[in-house]
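# Observations on the three-dimensional arrangement
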Amino acid sequence: MAPHNLLYLRSNFLCGSRCWMTQFSADILFKSVSCRLFGVKCGNEHSEDELLKNLLVMGVDVDMAKKRQPGVFNRTGINEQDLKMFLLSKGASKEVIASIISRYPRALTRTPENLSKRWDLWRRIMASDLEIVNILKRSPESFFRSNNNLNLENNIKFLYSVGLTRKCLCRLLTNAPRTFSNSLHLNKQMVEFLQEVCLSLGHSDPIDFVRKIIFKNPFILIQSTKRIKANIKFLQSTFNLKNEELLVLICGPGAEILDLSNDYAKRNYTNIKEKLFSLGCTEEEVRKFVLSYPDVIFLGEKKFNDKIDCLIEEKISILQIIETPRILDSSISTLKSRIKELVNAGYNLSTSNITLLSWSQKRYKAKLEKLNIG
């Protein structure tokens, strides 16, 4: 073959190869981009059917999971084995892991790196992995709800900076973990508001005030400043409290009232007052009763009235009730069964101490046994 023909063939081959390689590269690029942008499953990712099958093998209640967060199962990048191995390494049982995914399947979308970082941040507060596992067992949302680890880290630093102890942060994380999902701005806003309240009431140590009120009421940071302000105003005006008295109340037994809807608190208090007035109590007696047992404001109208009626029907006087308000902690069924047992044992509720109606079951049973023997 003539040399110029060989050169022509070589040129055509190289040109064709380059064109083919360009097309091939474009195909790969387009495919990878389309996988990312349009959610097409590529590589080693498995289908939704495979995922569901794997979850069933793990003991997950798939129906519950799909009902709670159906969108999770349409997402890519889910690897249930990564989550399983991570939680197993922290001491969670297979049953606990299945329960977590059943109730909060969004946990499946967290990467091992994100989980590891978040766990390390929680360990700045909690003393052991087991304590964290126990929180996840009770409330998986608290750990998996957010993947913003920077916000979590900033909140931890801030709460330590305003004087909260590790014990206090542990209480927050155990009881009100949403505090750490709040934006840093919201937490700062509430702390600054509480410091202003402290100073306006004449207390000279806002750090001590904030620490006490948050420890008594760990839910306060997930409430609005508007609600807290309204409830503080309600307590001070309703009970004619001096600043010092209000400070003692909201840093102590009345701290949890600050969580309530202001309308709900007012409605319940109005009902308490009307019910006790109808039974012959004075304004001052009602005031002392509620201040000695602020938790009574949590009782809805029907529940409060039914408990009072139950005790009155059993020949317990209203004076005994307002002097021993904690008996209202007990359910109506507990009150009725204990009253019956005590009467059968010869105990005179009209003239004797009635505090045992609110005792722990163990302590009450021991007392009842002594009464029956005697």
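Residues numbered from 1 in each chain as written. Predicted model: local features only at pLDDT ≥ 70, side-chain atom pairs only at ≥ 80, totals over all residues. Heavy atoms only, no water.

One broad rule of soluble globular proteins: the nonpolar side chains tend to lie buried together. One finds L87, F144, F209 and V296 to be the most contacted residues of the largest nonpolar core, which totals 105 residues. No other element matches the six residues that helix α11 (residues 184-200) contributes to this core. (Core = buried A, V, L, I, M, F, W, Y, C linked by side-chain atoms within 4.5 Å. Buried < 20%, exposed > 50% of the residue type's maximum accessible area, 1.4 Å probe, protein only. Helix = DSSP H or I, 4+ residues; strand = E, 2+ residues; numbered from the N terminus.)

Within the protein, residue pLDDT values average 86, and 87% of them lie at 70 or more. Ignoring residues within four places in sequence, the model shows residues 1-44, a span with pLDDT below 50, making eleven contacts including any to other chains. (pLDDT = per-residue confidence, 0-100. Contact = heavy atoms within 4.5 Å.)

With that settled, consider the pattern of salt bridges. As enumerated under the stated definition, the model contains twelve salt bridges in all. The salt bridge partner of D208 is K212, with a shortest N-O separation of 3.3 Å. Residue D208 and its partner K212 are located together in helix α12 (residues 206-216), separated by four residues, close to a single helical turn. A residue is classified by how much of its surface remains accessible, and D208, at 15% relative accessible area, is buried. Close ionic contact of R287 with E284 constitutes a salt bridge, the shortest N to O distance being 3.8 Å. You can see R287 and its partner E284 sitting in helix α16 (residues 283-292), three residues apart, about one turn around the helix. Ionic contacts of the salt-bridge type, sharing partners, join the residues R124, E153 and K157 into one network. (Salt bridge = Lys/Arg side-chain N within 4 Å of Asp/Glu carboxyl O.)

This next bit is on the packing of aromatic side chains. The description of an aromatic ring pair rests on the distance of the ring centres and on the angle between the ring planes. A complete count under the given rule lists six aromatic pairs for this structure. Judged by centre distance (5.6 Å) and plane angle (65°), the rings of W119 and F143 are edge-to-face. You can see W119 sitting in helix α6 (residues 112-122) and its partner F143 sitting in helix α8 (residues 141-144), a full 24 residues away along the chain. One exposure class covers both W119 and F143, and it is buried. When the ring of F234 is compared with that of Y269, the centres are 6.3 Å apart and the planes differ by 75°; the resulting orientation is edge-to-face. Placement of F234 in helix α13 (residues 225-238) and of Y269 in helix α15 (residues 262-278) is noted, with a sequence separation of 35 residues between them. Neither residue differs from the other here; F234 and Y269 are each classed as buried. These aromatic residues form a ring-pair network of at least three members: F86, W119, W122, F143 and F144. The ring of F215 has R171 lying over it, and the distance from NZ or CZ to the ring centre is 5.1 Å. The ring of Y364 has R338 sitting right over it, with the charged end atom 4.2 Å from the ring centre. (Phe/Tyr/Trp six-rings, centres within 6.5 Å; stacked < 30°, edge-to-face > 60°. Lys NZ or Arg CZ within 6 Å of the ring centre and 35° of its normal.)

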